[in-house]
Amino acid sequence: MTEITRIAIDTSKSVFTLHGTDADGRAVLRRNLRRQDMVPFFARRPPMEVVLEACGGSHHWGRVLAGLGHTVRLIPPQYVKPFVKRGKNDRNDAEAISEAAARPEMREVAVKSARQQANAMLLSVRELLVRQRTQLVNALRGHAAEFGHVGRLGRQGVAKLLADVAEDADLPTPAKDALALLGAEIGRLDARLAEVDARLVAQHKQTPTSKMLAEVPGIGPIGALSLVLRVDFSQFKSGRHFASWLGLTPREHSTGGKTRLGGISRAGDERLRQLLVLGATAVIRQAKPGKASAWLIALLARRPRKLAAVALANKMARIVWAMMTSGEAYRQPATA
């Protein structure tokens, strides 16, 4: 019987598609397994390379299969897609994963431990609650505007808008009740977010690396903790590599020896990129000669503020990589 050296798995909710190859890359196994049959199947197999797409549930299976003695590799889905043949189905997807894994320079995602995923989960929960609160606030403003009530931006604007609605004697009762319901839900989410933020700040204070990153201007407790818990800095060769992974470098479309650069690629972790750009925007808002770095003041003199914010976010990402890989504290640059 031909020895199987690599098995690629296309995961799903209940049925998993396997594509096994030998040492020469020839397909010698194609079959489907139900979820409950996965562990018994791989427990009977000798140690081999198992490849999955880095997606929901892949880290769990990576830990399970590694515990059975196999070598697990997770490949980003965007690097698998070019290898999918015409006629997409589970078997072609599994074969594409195997083809991608055979490339010697293929990039991989490190398998996270259960504790790493658990520590970062509260950050994801916070993002969900923030999105829900934003949806409710937008709904409140939209419905209130239909009756002539327009509030200012910010939390104080929401409170004033709810007060104006409650005091409007001409506003029909059904509309008042509906807007009050939205206000109550916003208040409930505000209380939940306050609890979550308190827990995250406490976690930040107990994490030395997070406290170290918070010394960088533009990076607060949430941003620092997100960088520490979500990023494996050892997989990046340089700060530029990390900034490129975050999508903070120009998208290139060069040919014929001519270099053409466009806007930022927006690749990588969207939330981390957003936190860095927002932090950079806050720094730029307070940038003045004598307080900000000479580099930033010169940049603002020749570039729009939004473009400068992305450039500063790129620099912040490279600073973070240098601090996390060297263990050095942040050094304040010379001011203008």
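Residues numbered from 1 in each chain as written. Predicted model: local features only at pLDDT ≥ 70, side-chain atom pairs only at ≥ 80, totals over all residues. Heavy atoms only, no water.

J.: I'd like to hear about the overall build of the chain, residue by residue, with values.
T.: Per the secondary structure count, the chain includes 13 helices and 7 strands. Whereas a compact globule of 336 residues would reach a radius of gyration of roughly 20 Å, the chain reaches 25 Å, over 25% beyond that. Across the chain, the fraction of contacts at a sequence separation of at least 24, relative to all contacts at a separation of at least 6, is 52%. For the chain, the exposed surface amounts to about 19600 Å²; the carbon and sulfur share of it is 53%. Averaging the coordinates of the 52 positive side-chain charges in the chain and doing the same for the 30 negative ones gives two points 6 Å apart. (Helix = DSSP H or I, 4+ residues; strand = E, 2+ residues; numbered from the N terminus. Rg over C-alpha atoms; globule rule 2.2 N^0.38 Å. Contact = heavy atoms within 4.5 Å. Areas by Shrake-Rupley, 256 points an atom, 1.4 Å probe, with all protein chains shown as cover. Lys, Arg positive; Asp, Glu negative; His and termini not counted. Charge placed at Lys NZ, Arg CZ, Asp CG, Glu CD.)

J.: Any details on the UniProt feature "domain: Transposase IS116/IS110/IS902 C-terminal" (unreviewed entry) in the chain? Residues and values, ideally.
T.: According to UniProt, the feature "domain: Transposase IS116/IS110/IS902 C-terminal" (unreviewed entry) maps to residues 211-288 in the numbering used here. Taken end to end, residues 211-288 is 46% helix and 9% strand, and its two terminal C-alpha atoms sit 26 Å from one another. (UniProt positions renumbered as here; feature names shortened; annotations may be inferred.)

J.: Got a sec to walk through helix H7 (residues 173-205)? Specific residues and values, please.
T.: With 33 residues, H7 should reach 48 Å at 1.5 Å per residue; the first-to-last C-alpha distance of 48 Å fits that figure. Considered for burial, the residues of H7 that qualify are Ala175, Leu179, Leu182, Gly183, Ile186, Leu189, Leu193, Val196, Leu200, Gln203 and His204. Among the structural elements, helix H5 (114-145), helix H6 (155-167), helix H8 (208-213) and helix H9 (221-230) are those in contact with the buried residues of H7. (Expected span 1.5 Å × (residues − 1). Buried < 20%, exposed > 50% of the residue type's maximum accessible area, 1.4 Å probe, protein only.)

J.: Please provide a residue-by-residue account of the packing of H5 against H6, values included.
T.: Running from N to C, H5 and H6 cross one another at 40°; their axes reach a closest spacing of 11 Å. Taken together, H5 and H6 sit at an angle that is classed as oblique. Both H5 and H6 take part in a crossing whose hand is left-handed. Along its contact with H5, which presents Arg133, Val137, Leu140, Arg141 and Ala144, the element H6 presents Arg155, Gly157, Val158, Leu161, Leu162 and Val165. The residue makeup of the contact of H5 with H6, split by class, is 7 nonpolar, 1 polar and 3 charged. (Axes fitted to C-alpha atoms, helices over the stretch in contact; angles between N-to-C directions. Parallel < 35°, antiparallel > 145°, perpendicular 65-115°, else oblique. Left-handed = near helix turned anticlockwise from the far one by under 90°. Nonpolar A, V, L, I, M, F, W, Y, C, P; charged D, E, K, R; others polar.)

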